[in-house]
Amino acid sequence: MMKLLDISKKYGEITHKYPFEPYKVSDNFRGKPAYIFDLCIGCAACGIACPSNAITVQFNDDKSKLVWEFDCGRCIFCGRCDEVCPTGAIKLSEEFELAVKFDKSALIQRGELDTQYCTTCNKPFSAKRLVKYSFECLSKANVSEKRLEEAKNYLCMCPTCKKTATVATFTSGKEMVIE
Amino acid sequence: MKTYEIPNEIELANTLEQKLELLKQIGRSFSVFRIDCGSCNGCEIEIFAAITPLWDPERFGFKLVANPRHADILLCTGPVTRQMYYPLLRAYEATPDPKIVVALGACGVTGGIFYDAYSVLSGIDKIIPVDAYIPGCPPHPASIIYGLTTALGVLEQKLQKVSFEEEGDLPPLVEDSVLGNTLFERDLLVQAKRLMSYVFGRKLFDKYIKALVQSGNTKDPKATKVSITEAIQTEEDPRYAECMGILHNEIYTQYVLCEEEDKIDLHRVIWGAK
């Protein structure tokens, strides 16, 4: 018996004091993905990469907003959203205290982005911020002024109209800006 | 789809007041019965990690029991497969009233990655009323301790529903290129992520760009070679050091006109020689 006490004295107390003292998780711990709404451009790359469909990016009922929704209850913390996000709007944090009582909707995070309407057919097809971001990328990529002007028109068109417009320019015999 | 109608006497014996009364009565002695409803065993491993002396939940009086008739708390894991549907109901009905049900893990909370599989009912709350949800895949032992203490009202719940509805101004997201060509940054980031995966790849990218900017003139291959070599030599982690050399040799030489001698020699480690 005394021997046992000696052994326990030798090793000391190893129990974490956790709920009474904060617990520091180890490096590269994968906690809850933290969402920064101001950086989100609504490109839906995270929604496509998410293996458990915890992230969904959909238009709302009247298609006036693009709704980004994250359900922490379904998330498996794989970090693929972090991997694909072009702007760093979603990053795995070190938060592990995720339990909720009674109401599961406390696990949900939402963000509503303005929709971009097609300039030709007036159909909603993307988020305004995505168009803005794409133009910003292009304007810093050493393309000519004329090409940039053309890209500005094409960016605000839905994929179907863009196809028709390109074919129309090709067949009309107008001069194309090719680099 | 409602699969199970809770018998009236169980529903009447499980109101919130009665649960709070139970928590007052039992004080610091909570018997937990664990049901595996088709889980992958990841959650079980973490539960048993959480009851080791390292975390020691007996400080709060938690102990696992082997029979639902002895239990106050039901700890349910897994997405509820069709095979485990009736055993779950039997355990639920066998637990003395009032009972506290905790759904553990992503599968227990919403079905997790199996939520739309044909053979599961996706989530404990589709079948029986759940009092606390502990997400995580699997949850960290600290999350389990936090969840159980939250369920008993010792700690406060931290997470709330967050909804952003008004759009603010978009900050400038694209930075100016160090070489005057954004394709260089793009290729560099892609290659860095390919070499060292996404988290470490981003760190490698930042280290490389920092070293490149420190050279003063980023378009001069001689100056950048000196600067990158110095960064490689001062780098503590040999993985970053070697990958920085690879990035310089493979990507930088494509964008700036370089001679063969401007490349960095990566065979600087001679094994066995001191």
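Look a little higher up for the structure.
What you are looking at is a predicted structure, and each value in this text was computed from that prediction instead of being measured.

## Comments concerning the interface of chain B and chain A
Note on interface size: it is often stated as the accessible area lost on association of the parts.
And then number 1: In this assembly, 60 residues from chain B lie in contact with 62 residues from chain A.
And then number 2: At the boundary of chain B with chain A, total buried surface from both sides reaches about 5500 Å², with 59% on carbon and sulfur atoms.
And then number 3: Our count for the contact surface shared by chain B and chain A stands at three salt bridges.
And then number 4: Close ionic contact of B:Arg202 with A:Asp82 constitutes a salt bridge, the shortest N to O distance being 3.0 Å.
And then number 5: Put simply, chain B and chain A have 21 residue pairs in polar contact (both at pLDDT 80 or more) between them.
And then number 6: Of all the secondary structure elements, the ones that give two or more residues to the side of chain B that touches chain A are helix 5 (105-110), strand 5 (132-134), helix 6 (141-151), strand 6 (162-164) and helix 7 (182-214) of chain B.
And then number 7: Where strand 6 (residues 108-117) of chain A meets strand 6 of chain B, three bridges bridge the pair, whose relative direction is parallel. Directly across from A:Gly111, in strand 6 of chain B, lies its bridge partner B:Phe164.

## Let's talk about helix 6 of chain B
Residue and element names in this part refer to chain B.
And then number 1: Of all eleven residues that make up helix 6, eleven are buried, and the element is covered over most of its length.
And then number 2: Within the span of helix 6, buried status applies to Pro141, Ala142, Ser143, Ile144, Ile145, Tyr146, Gly147, Leu148, Thr149, Thr150 and Ala151.
And then number 3: Positive backbone phi, at 85 degrees, marks Gly153, one or two positions downstream of helix 6.

## A look at the packing of helix 3 (residues 42-50) of chain B against helix 6 of chain B
All names here are of chain B.
And then number 1: Running from N to C, helix 3 and helix 6 point in directions that differ by 75 degrees, and their axes come no closer than 8 Å. Classified by the angle between their axes, helix 3 and helix 6 sit roughly perpendicular to one another. Of the residues in helix 6, those in contact with Glu46, Ile47, Ala49 and Ala50 of helix 3 are Pro141, Ile144 and Ile145.
And then number 2: Class assignment of the residues belonging to the contact of helix 3 with helix 6 gives a composition of six nonpolar, no polar and one charged.

## Side note on the sheet that holds strand 4 (residues 100-104) of chain B
Within a beta sheet, neighbouring strands are joined by backbone hydrogen bonds and run either parallel or antiparallel to one another.
And then number 1: Spatial strand order, 5(A)-5(B)-4(B)-3(B)-1(B)-2(B): six strands in an open sheet with mixed pairing. Bordering the open sheet on either side are strand 5 (100-101) of chain A together with strand 2 (62-64) of chain B, each of which pairs with just one other strand.
And then number 2: Strand direction decides the pairing type here: strand 5 of chain A and strand 5 of chain B, joined by two bridges, are antiparallel. Counterpart to A:Lys101 in the pairing with strand 5 of chain B is B:Ala132.
And then number 3: Against the sheet, helix 6 of chain B contacts strand 5 of chain A together with strand 2, strand 3 (73-77), strand 4 and strand 5 of chain B, and its axis sits at roughly 170 degrees relative to strand 5 of chain B.

## Comments concerning the packing of helix 7 of chain B against helix 9 (residues 238-255) of chain B
When two helices pack together, their arrangement is given by the angle between the helix axes and the distance between those axes.
Residues and elements named next belong to chain B.
And then number 1: Two elements in contact, helix 7 and helix 9, have axes whose closest approach is 10 Å; the angle formed by their N-to-C orientations is 65 degrees. In this structure, helix 7 meets helix 9 at a crossing whose hand is right-handed.
And then number 2: Each residue belonging to the contact of helix 7 with helix 9 can be placed in one class, and the counts come to 18 nonpolar, three polar and five charged.

## Brief notes about the nonpolar core
General note: in soluble globular proteins, nonpolar side chains tend to be found buried as a group.
And then number 1: Of all hydrophobic cores here, the largest spans 49 residues; its most connected members are B:Ile124, B:Ile127 and B:Ile128.
And then number 2: Mapped onto this core, the elements with two or more residues apiece are strand 3 (65-71) of chain A together with strand 1 (30-36), strand 3, helix 4 (85-94) and strand 4 of chain B.
And then number 3: At five residues, helix 4 of chain B tops the list of elements feeding residues into this core.
And then number 4: Membership of the second largest hydrophobic core comes to 30 residues, among which are A:Phe29, B:Trp55, B:Ile73 and B:Ala151.

## A short note on unusual backbone geometry
All names here are of chain B.
And then number 1: Note the cis peptide between Asp97 and Pro98, where omega equals -15 degrees.
And then number 2: Following Cys137, the chain continues to Pro138 via a peptide bond in cis, the omega torsion being -10 degrees.
And then number 3: Examined against the element boundaries, Pro138 turns out to sit in the loop between strand 5 and helix 6.
And then number 4: Its identity as a non-glycine residue notwithstanding, Asn41 has a phi of 80 degrees, on the positive side.
And then number 5: Along the chain, Asn41 turns up in the loop between strand 1 and helix 3.
And then number 6: Note on Asn41: relative accessible area 37%, which makes it partly exposed.
And then number 7: Despite not being glycine, Ser122 has its phi angle at roughly 45 degrees, a positive value.

Rules of the game
- Residues numbered from 1 in each chain as written.
- Chains lettered and ligands numbered in written order.
- Predicted model: local features only at pLDDT ≥ 70, side-chain atom pairs only at ≥ 80, totals over all residues.
- Heavy atoms only, no water.
- Contact = heavy atoms within 4.5 Å.
- Buried area = accessible area lost by both parts, 1.4 Å probe.
- Salt bridge = Lys/Arg side-chain N within 4 Å of Asp/Glu carboxyl O.
- Polar contact = N/O pair within 3.5 Å; in protein donor to acceptor, adjacent residues only side chain to side chain.
- Helix = DSSP H or I, 4+ residues; strand = E, 2+ residues; numbered from the N terminus.
- Pairing = 2+ DSSP bridges.
- Buried < 20%, exposed > 50% of the residue type's maximum accessible area, 1.4 Å probe, protein only.
- Axes fitted to C-alpha atoms, helices over the stretch in contact; angles between N-to-C directions.
- Parallel < 35°, antiparallel > 145°, perpendicular 65-115°, else oblique.
- Nonpolar A, V, L, I, M, F, W, Y, C, P; charged D, E, K, R; others polar.
- Left-handed = near helix turned anticlockwise from the far one by under 90°.
- Core = buried A, V, L, I, M, F, W, Y, C linked by side-chain atoms within 4.5 Å.

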